[in-house]
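Next come the chains, spelled out residue by residue.
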Amino acid sequence: MPKERVTLAITGMTCGHCVAAVKKALGAVPGVEAVEVTLSPPRAVVSCDPSRTTMDMLTKATGEEGYASSPEAR
């Protein structure tokens, strides 16, 4: 199955702990294979299996950690 790269804009991150929390939350979503999170710019790039992972699952995971996210405009 082809992998998909999804980029999320994240709000509310201010430090390395925030980055680690977002990375851990996204990594726990079923179908996620790799996560890269940066503070500047505040975003996450997620490699996932689109048959197992949805955008709603990803944004819910970050939201439950206290960081709102949305698909980054391209």
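Quick note: structure is the one above.
The structure reproduced in this document is the subject of the present report. The shown structure was predicted, so the numbers you read here are calculated from the model rather than taken from an experiment.

This part is about the pairing of strand E3 (residues 43-48). Taking burial as the measure, the 6 residues of E3 include 5 buried ones, the bulk of the element. With 6 bridges connecting them, strand E2 (residues 32-38) and E3 associate as antiparallel partners. The partner of Thr-38 across the bridge, within E3, is Arg-43. Counted between consecutive antiparallel strands, the loop separating E2 from E3 contains 4 residues.

In this section: the environment of Val-46. Here Val-46 shows up in strand E3. Remark: the alpha-carbon pair of Val-46 and Met-13, spanning 33 residues in sequence, is separated by 17 Å. Setting aside its immediate chain neighbours within four residues, Val-46 contacts Glu-4, Arg-5, Val-6, Leu-26, Val-32, Ala-34 and Leu-58.

This part takes up the packing of helix H1 (residues 16-27) against helix H2 (residues 55-64). Where H1 meets H2, the closest approach of the two axes is 9 Å, and the angle between their N-to-C directions is 140 degrees. Between H1 and H2, the crossing angle belongs to the class labelled oblique. Relative to H2, H1 is oriented so that their crossing is right-handed. Residues Val-22, Ala-25 and Leu-26 of H1 pack against Leu-58, Ala-61 and Thr-62 of H2. Residue composition of the contact of H1 with H2, by class: 5 nonpolar, 1 polar and no charged.

Looking along the chain, the bond that leaves Ser-40 and enters Pro-41 is cis, with omega of 5 degrees. Relative to the assigned elements, Pro-41 resides in the loop between E2 and E3.

Further remarks concern H2. Of the residues making up H2, those classed as buried are Leu-58, Ala-61 and Thr-62. End-on, the buried residues of H2 take up no more than an arc of 95 degrees, which puts them together on one face. Residues of H2 that are exposed and point over 90 degrees away from its buried face: Asp-56, Lys-60 and Glu-64. On its buried face, H2 is in contact with strand E1 (4-10), H1, E2, E3 and strand E4 (69-71). Just downstream of H2, Gly-66 is the residue with a positive phi angle, here 100 degrees.

Here is what the cut-offs are and how they apply
- Counting from 1, residues in each chain are numbered in the order their sequence is written.
- It should be noted that, the model being predicted, local features are given only for residues of pLDDT at least 70 and side-chain atom pairs only at 80 or more, the latter also being counted only at that level, while totals for whole chains, interfaces and linings use all residues.
- The basis for every side-chain value is the complete set of non-hydrogen atoms in the structure, without hydrogens or water.
- Working definition: with a 1.4 Å probe on protein chains only, accessible area under 20% of the residue-type maximum means buried, over 50% means exposed, and in between means partly exposed.
- For the purposes of this entry, the term helix denotes a DSSP run of H or I that reaches at least four residues, the term strand denotes a run of E that reaches at least two, and both are numbered from the N terminus.
- Note on pairing: DSSP must find at least two bridges between two strands before they are called paired.
- Working rule for contacts: check all heavy atoms of both residues, and any pair within 4.5 Å makes them a contact.
- A fitted line through C-alpha atoms represents every axis, and for helices the fit uses only the stretch in contact; the resulting angles, taken between N-to-C directions, go from 0 to 180 degrees.
- Should an angle fall under 35 degrees it is called roughly parallel, over 145 degrees roughly antiparallel, and 65 to 115 degrees roughly perpendicular, with every other angle called oblique.
- Each crossing gets its handedness from the near helix: less than a right angle anticlockwise from the far helix is left-handed, clockwise is right-handed.
- Throughout, the ten residues Ala, Val, Leu, Ile, Met, Phe, Trp, Tyr, Cys and Pro are labelled nonpolar, Asp, Glu, Lys and Arg are labelled charged, and all others, Gly among them, are labelled polar.
- What the arc describes is the spread of directions from the helix axis to the C-beta atoms.

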